[in-house]
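# Inside the fold
Below are the chains, spelled out letter by letter.
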Amino acid sequence: MYVGNAIIAAAEKAVKLKCPLVLFSAAGGARMQEGILSLMQMPRTTIAVQMLKEAGLPYIVVLTHPTTGGVTASYAMLGDVQIAEPNALICFAGPRVIEQTIREKLPEGFQRAEYLLDHGMLDRVTPRTQMRDELIDITRMLMKLPPAVRGDLPAPTEGGDIAHALTPEPDAAPKAEAAEPKAK
């Protein structure tokens, strides 16, 4: 129940500040443990995501390992962009439950991030070490902002269209030397 309230509060804050919402999910099974109160969070979080969409704000979801159950069935898969970390388990019911239900062996890597990417359920699979830059690029693109400037910038040079701030003007008089104190 607290997760639902937190997502609603985050969506309301994003709308108020007119900024995108990036949500990292790593959850599942709450409906089994908390019952109906937790189940009621699914429509509430879906409405919160709809608030973002109506405000024209991006909603990006990063699916971490594991993201399962009702989380996958609701707010985790409603993003404008779904990104997962490599090899993350993303599913409603786990592989063991499915295999026992259908009495068949599942394909290798079934319900893992790479499999879901290959089958159109995800937009990206990105390692955590690259996640920051990926999120910057995607949010800037969705917000219709210019690309981020990265890397080492060259040192400013003298001349050009704008004179370098530390370069004195050529016709400026040299500064007077500090007067030496007079001896008494």
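Now for a quick tour of the structure. Keep in mind that this is a model prediction, so the values were computed, not measured.

Thresholds applied
- Residues numbered from 1 in each chain as written.
- Predicted model: local features only at pLDDT ≥ 70, side-chain atom pairs only at ≥ 80, totals over all residues.
- Heavy atoms only, no water.
- Helix = DSSP H or I, 4+ residues; strand = E, 2+ residues; numbered from the N terminus.
- Buried < 20%, exposed > 50% of the residue type's maximum accessible area, 1.4 Å probe, protein only.
- Contact = heavy atoms within 4.5 Å.
- Areas by Shrake-Rupley, 256 points an atom, 1.4 Å probe, with all protein chains shown as cover.
- Salt bridge = Lys/Arg side-chain N within 4 Å of Asp/Glu carboxyl O.
- Expected span 1.5 Å × (residues − 1).
- Arc of directions from axis to C-beta.
- Pairing = 2+ DSSP bridges.
- Phe/Tyr/Trp six-rings, centres within 6.5 Å; stacked < 30°, edge-to-face > 60°.
- Patch = residues over 30% accessible without salt bridge, like charges linked within 9 Å, V, L, I, M, F, W, Y side chains within 5 Å.
- Axes fitted to C-alpha atoms, helices over the stretch in contact; angles between N-to-C directions.
- Parallel < 35°, antiparallel > 145°, perpendicular 65-115°, else oblique.
- Nonpolar A, V, L, I, M, F, W, Y, C, P; charged D, E, K, R; others polar.

### Digging into the overall build of the protein chain
Within the protein chain, the regular secondary structure consists of eight helices and four strands. Reading the helices (α) and strands (β) of the protein chain from amino to carboxyl end gives α-β-α-α-α-β-α-β-α-α-β-α. Counting all 184 residues of the protein chain, 29% fall into the buried class. Taking contacts inside the protein chain between residues at least 6 apart in sequence as the whole, the part at least 24 apart equals 58%. As displayed, the protein chain offers around 12900 Å² of accessible surface, 59% of which is attributable to carbon and sulfur atoms.

### Things to note about the pattern of salt bridges
The final tally for this structure, using the stated rule, is six salt bridges. Between D80 and K53 there is a salt bridge whose closest N-O contact spans 3.1 Å. Here D80, found in the loop between α5 (69-73) and β3 (81-84), pairs with K53, found in helix α4 (residues 41-54); they are 27 residues apart in sequence, far enough to count as distant. Overall, the relative accessible area of 37% leaves D80 in the partly exposed class.

### Some details on α4
Compared with an ideal rise of 1.5 Å per residue, which puts 14 residues at 20 Å, α4 spans 20 Å between its outermost C-alpha atoms and is within 8% of the ideal. Among all positions of α4, only Q41, M42, T45, A48, V49 and L52 are buried. Projected down its long axis, α4 shows its buried positions confined to an angular sector of 125 degrees, all on one face. When the buried face of α4 is taken as reference, the exposed residues oriented beyond 90 degrees from it are I47 and E54. G56 sits one or two positions beyond α4 and adopts a positive phi of about 75 degrees.

### A short note on the sheet that holds strand β2 (residues 59-63)
Read across the open sheet, the four strands follow the order β1-β2-β3-β4; overall the sheet is parallel. Bordering the open sheet on either side are β1 (21-25) and β4 (124-125), each of which pairs with just one other strand. Judged from the five bridges that link them, β1 and β2 form a sheet pairing that is parallel. Counterpart to L21 in the pairing with β2 is Y59.

### Considerations on the packing of aromatic side chains
Per the counting criterion, the structure on display carries one aromatic pair. Between F110 and Y115, the aromatic rings sit 5.3 Å apart at their centres with planes inclined by 70 degrees, giving edge-to-face as the arrangement.

### Details of a nonpolar patch on the surface
Taken together, I36, L37, L39 and M40 make up a surface patch of nonpolar side chains, about 370 Å² in accessible area. Take L37: its relative accessible area is 43%, and that puts it in the partly exposed class.

### A few points about the packing of helix α1 (residues 2-17) against α4
Across the interface, α1 lies against α4 with an axial gap of 9 Å and an inter-helix angle of 10 degrees. One way to sum up the angle between α1 and α4 is to call them roughly parallel. Every residue of α4 that contacts α1 at G4, N5, I7, I8, A11, E12, A14 and V15 is listed here: Q41, R44, T45, A48, M51 and L52. For the contact of α1 with α4, the per-class residue count stands at eight nonpolar, four polar and two charged.

That's the geometry; what it means functionally is another story.
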